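Commentary on secondary and tertiary structure
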Amino acid sequence: MENISVAIRFRPPIPSSSSSDLPWTVDSNRITLLAFPVPNLSFTFDHVFDRTSTNATIYGLLVRSLIRSALDGFNGTAFAYGQTSSGKTFTMYGSEDDPGIVPLAVQDVFRTARMSADREFLIRVSYMEIYNEEINDLLTLGSQKLPIHESLERGVFVAGLREEIVSSAEQVLELLKLGEANRHFGETNMNARSSRSHTIFRMVIESSAKDVNSFGDVTSADAIRVSVLNLVDLAGSERIAKTGAGGVRLKEGKYINKSLMVLGNVINKLSDNGKQRGHIPYRDSKLTRILQPALGGNAKTSIICTVAPEEVHIEETRGTLHFASRAKRVTNCAQINEVLTDAALLKRQKLEIEELRRKLQGSHSGVLEQVVLKQRNDMHKSELERERLIVELEEERKARESLAHCIREQQKRIDDLTIRTTSDHAARSIQKLGAGGTYDEVNMLHPDEFRTPDLKQMSNVFVARRSNCSKDLDSSPIPENFANIADEDLWMRLNKGCTTDLDMLQTPRIKRRSFSSREISLDQPFQEEAIDRKCERLEIQCSLERQQLETSEEQRMILECECNQLREEKASLLQTLSISKQDIDILRAEKEELVKELNLEKQMMKGLKEEIQLFSLAFSQREGLLTSLYTKSKAIVENLKSFQVTTPELYD
């Protein structure tokens, strides 16, 4: 992780302003504001260049290391940011007397590539502009409104963009001249040749090793490094009151300010802490979308912020310095971009196999066996724990079923007691009717017992028969406390003043019938209070059993969760064990091959030893024979010397 490198460059002041009237002071790498609105406001950056600095000085201190890293395989980006007429285009492209960063970088790339003795390079270049949020190819006329795509292999790229394979710096400079001729420029009150679009000059640098060293180190052989170098010249932010833009220039300024505002928002988000950082709006602008890898991604980035020193531009300069301060806190994670070929992969796999063989011959095999044994023990323990949890879960389930059965039995008993209590109350009511009571009294004592009788379940003992004398009379209703013969006053009240012969009026007697014991047969009544207490006890017991059942249900769910966790752990352990088994099988197969080779070598060594023994035995025998022959020959010679041999003379 490394921070973005940020530098500030003050352009020379306009001739009408004197150096003593400038509100900014530069002290080494610190910039201080001396005037209104915020006195003594200071900023510190990596580099601060005054008006005497040249483009070569800026390139050497800020961009040269970026170019060397790009040739080594790192992505790199350098861009100029600032208000309009602050010197961005001059910093990036320069002039004939003072070349800018882009031509200096092109020459440095080819010079360094030629000096490299162990790598060969292939360089491709492209040149585009973002004009009114539309991407145009500056190397091809008519290639406008190009789309942006993204893929896993190429990342973010512009589809249809022309790429030229180049072999020299002069060829690249010619392409730059062609692109500058197609770029959009315009005149404003602040700049006679104002850039009306953002330009991105891109160099794709591919390199590969030329050969492999004598030791056979193929770690980096056949690995192609692909890096992208972006050199960006941004259009400057504008204020309509100062530029006097209108019509087309006004529309261009709106798009420029919008894209620079999105760039500032992206830098703000990236400079925040990781926990506070929210969504980063890369897609809100095509500029930030293309530069996404360079902003907080896999690239090394340098930013040159150009500012105007005059007091009239103090607000724009302060905004640029705030942007630079936030950009300085952004971190990137640059890595070497390598693409491995099939040959390189095979070579690396061979090296890994050799490394595994060396480990197998050493003490690593014992360590692996210990690891596998430990994993087997852990798996066995987890299996036992799982079985124990299953048994406990089964016992808990049985206990829950038995508890539910007990609750059902208690509920049945409560229902039976309720029915019996209702029957007892009904029997008492019927007995009261048989003793001479009225239905109103019975209903007052037990108002809820005879509201909705169940005729299917009610026996005949609950039916009371009325006598024929209890039928409705055609006369007026009579009060409850009515004697056998009504008096005159009562009759006057009943007949509303009409007089009648009271001797002719007789009140019919209502015959009451008593119920015999044979018509009504009921069980012996229980005491109502004892039954209620018993019901309360049963309800309390039932509620306790329900609570126990809920507790056991929660425990069962907890045990099921633990069992599922153990199953997942077992699955992970089994997967790890299977991978370890595969590794062990591979190592074992390699070990068997090595053992076979070793046995063959031992057999060959044994055969050689036997042959050597036979040869030594034959040699000793031959030596003995030669020694005996030598002694015999010597004895014969000595015997011959001891005798005088007479040669016969020959005569003619």
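To be clear, the structure that these remarks concern was listed above.
The structure presented is a predicted model; accordingly, all values stated were derived computationally and were not measured.

**Considerations on helix α4 (residues 169–182)**
With 14 residues, α4 extends 20 Å between its outermost C-alpha atoms, agreeing within 8% with the 20 Å of an ideal straight helix rising 1.5 Å per residue. In the core, the buried residues of α4 are packed alongside α2 (88–93), α3 (101–115), β8 (119–131), β12 (164–166), β13 (185–186) and β15 (198–209).

**What about a nonpolar patch on the surface?**
Judged by side-chain polarity, Met605, Leu608 and Ile612 come together as a nonpolar surface patch covering roughly 300 Å² of accessible area. Along the polypeptide, Met605 turns up in helix α13 (residues 528–642).

**Concerning the pattern of salt bridges**
Applying the stated criterion to the full structure yields 24 salt bridges. A salt bridge links Glu180 to Arg183, with the nearest nitrogen and oxygen atoms 3.8 Å apart. For Glu180, a relative accessible area of 17% puts it in the buried group. We classify Arg183 as buried; its relative accessible area is 5%. Across the pair Arg239 and Glu316 runs a salt bridge, and its minimum N-O distance is 3.3 Å. Residue Arg239 is located in the loop between β16 (223–233) and α5 (240–243), and its partner Glu316 is located in helix α8 (residues 314–328); the two are separated by 77 residues in the primary sequence. Overall, Arg239 belongs to the partly exposed group, its relative accessible area being 44%. Overlapping salt bridges, with partners in common, bring together Arg64, Arg68, Asp108 and Arg111 in one network.

**Thoughts on the nonpolar core**
Within the largest apolar cluster, 45 residues are counted, with the highest numbers of intra-cluster contacts made by Ile8 and Phe45. In terms of residue count, the dominant contributor to this core is helix α6 (residues 248–271) (seven residues). Ignoring sequence-local partners within four residues, the contact set of Ile8 consists of Ile31, Phe45, His47, Val48, Phe49, Cys305, Val307, Leu321 and Ala324. Counting 37 residues, the second-largest nonpolar core is a separate cluster that includes Ile58, Ile123, Val172 and Leu229.

**Details of the packing of aromatic side chains**
Inspection of the entire model under this criterion finds three aromatic pairs. Measuring from centroid to centroid gives 6.3 Å for Phe43 and Phe45, while their planes differ by 15 degrees, and the two rings are stacked. Its end group placed over the ring of Phe185, Arg193 keeps NZ or CZ at 3.6 Å from the ring centre.

**Concerning α6**
Working note: α-helix, 3.6 residues per turn, so residues spaced by three or four point in the same direction. Over its 24 residues, α6 runs 35 Å from end to end, which matches the ideal 34 Å to within 8%, given 1.5 Å per residue. Within α6, burial applies to Glu252, Gly253, Ile256, Ser259, Leu260, Val262, Leu263, Gly264, Val266, Ile267, Leu270 and Ser271. If you follow the buried residues of α6, they end up packed against β7 (76–82), β8, β14 (194–195), β15, α7 (286–290) and α8.

**Some thoughts on unusual backbone geometry**
Residues other than glycine seldom take positive phi values, yet Asn132 does so here, at roughly 55 degrees. Positioned with a positive phi, Lys145 is a non-glycine residue whose angle comes to about 55 degrees. Residue classification places Lys145 among the exposed residues on the basis of a relative accessible area of 58%.

**Brief notes about a negative patch on the surface**
Among the surface-exposed residues, Glu592, Glu593, Glu597 and Glu601 lie close enough to one another that they form a single negatively charged patch. Residue position: Glu597 is located in helix α13. Look at Glu597 and you get partly exposed, because its relative accessible area is 47%.

**Quick look at a positive patch on the surface**
A cluster of basic residues, Arg413, Arg420, Arg533, Lys534 and Arg537, forms a positive patch at the surface. Counting residues per element, the ones that place at least two in the positive patch are α10 (364–434) and α13. In terms of residue count, α13 provides more of the positive patch than any other element does, three residues in total. Tracing the sequence through the fold places Lys534 in helix α13.

**Details of the sheet that holds strand β5 (residues 41–44)**
One open sheet accounts for three strands, arranged β3-β4-β5; its pairing is antiparallel. Every other strand in the sheet has two partners, leaving β3 (24–27) and β5 as the edge strands with one partner each. Strand-to-strand, the axes of this sheet are offset by a mean angle of 20 degrees, without reference to chain direction. Strands β3, β4 (30–33) and β5 of the sheet are contacted by α8, whose axis makes an angle of about 40 degrees with β5.

Rules used in this analysis
- The residue numbering used here restarts from 1 in each chain and proceeds along that chain's sequence as written.
- Totals for whole chains, interfaces and linings use every residue, but because this is a predicted model, local features are given only for residues with pLDDT of at least 70 and side-chain atom pairs only at 80 or more, for both listing and counting.
- Water and hydrogen atoms were dropped before computing side-chain values, which therefore reflect all heavy atoms in the structure.
- Here a helix means four or more residues in a row that DSSP labels H or I, a strand means two or more in a row labelled E, and each is numbered from the N terminus.
- Take the number of residues in a helix, subtract one, and multiply by 1.5 Å to get its expected span.
- Here, two residues are considered to be in contact whenever any of their heavy atoms come within 4.5 Å of each other.
- Each patch is built from salt-bridge-free residues with over 30% relative accessible area, joining like charges within 9 Å and nonpolar side chains (Val, Leu, Ile, Met, Phe, Trp, Tyr) within 5 Å.
- The protein chains shown are the only cover counted for residues, whose accessible areas, like all others here, come from Shrake-Rupley with a 1.4 Å probe.
- By salt bridge we mean one thing: a side-chain nitrogen of Lys or Arg within 4 Å of a carboxyl oxygen of Asp or Glu.
- Only protein chains enter the accessibility calculation, which uses a 1.4 Å probe; a residue is then buried when its area is under 20% of its type maximum, exposed when over 50%, and partly exposed in between.
- Among buried residues, the Ala, Val, Leu, Ile, Met, Phe, Trp, Tyr and Cys ones that are joined through side-chain atoms within 4.5 Å form a nonpolar core.
- Only Phe, Tyr and Trp rings take part, Trp by its six-membered ring, and two of them pair if their centres are within 6.5 Å. Stacked means planes under 30 degrees apart, edge-to-face means over 60, and tilted covers everything else.
- A ring has a charge above it when a Lys NZ or an Arg CZ is no more than 6 Å from the ring centre and no more than 35 degrees off the ring normal.
- Positive charges come from Lys and Arg alone, negative charges from Asp and Glu alone, with His and the N- and C-terminal ends not counted.
- Every charge is mapped to an atom, namely NZ of Lys, CZ of Arg, CG of Asp or CD of Glu.
- In this description, strands pair whenever DSSP reports at least two bridges between them.
- To get an axis, fit a line to the C-alpha atoms, keeping to the stretch in contact for a helix; angles then go from 0 to 180 degrees between the N-to-C directions.

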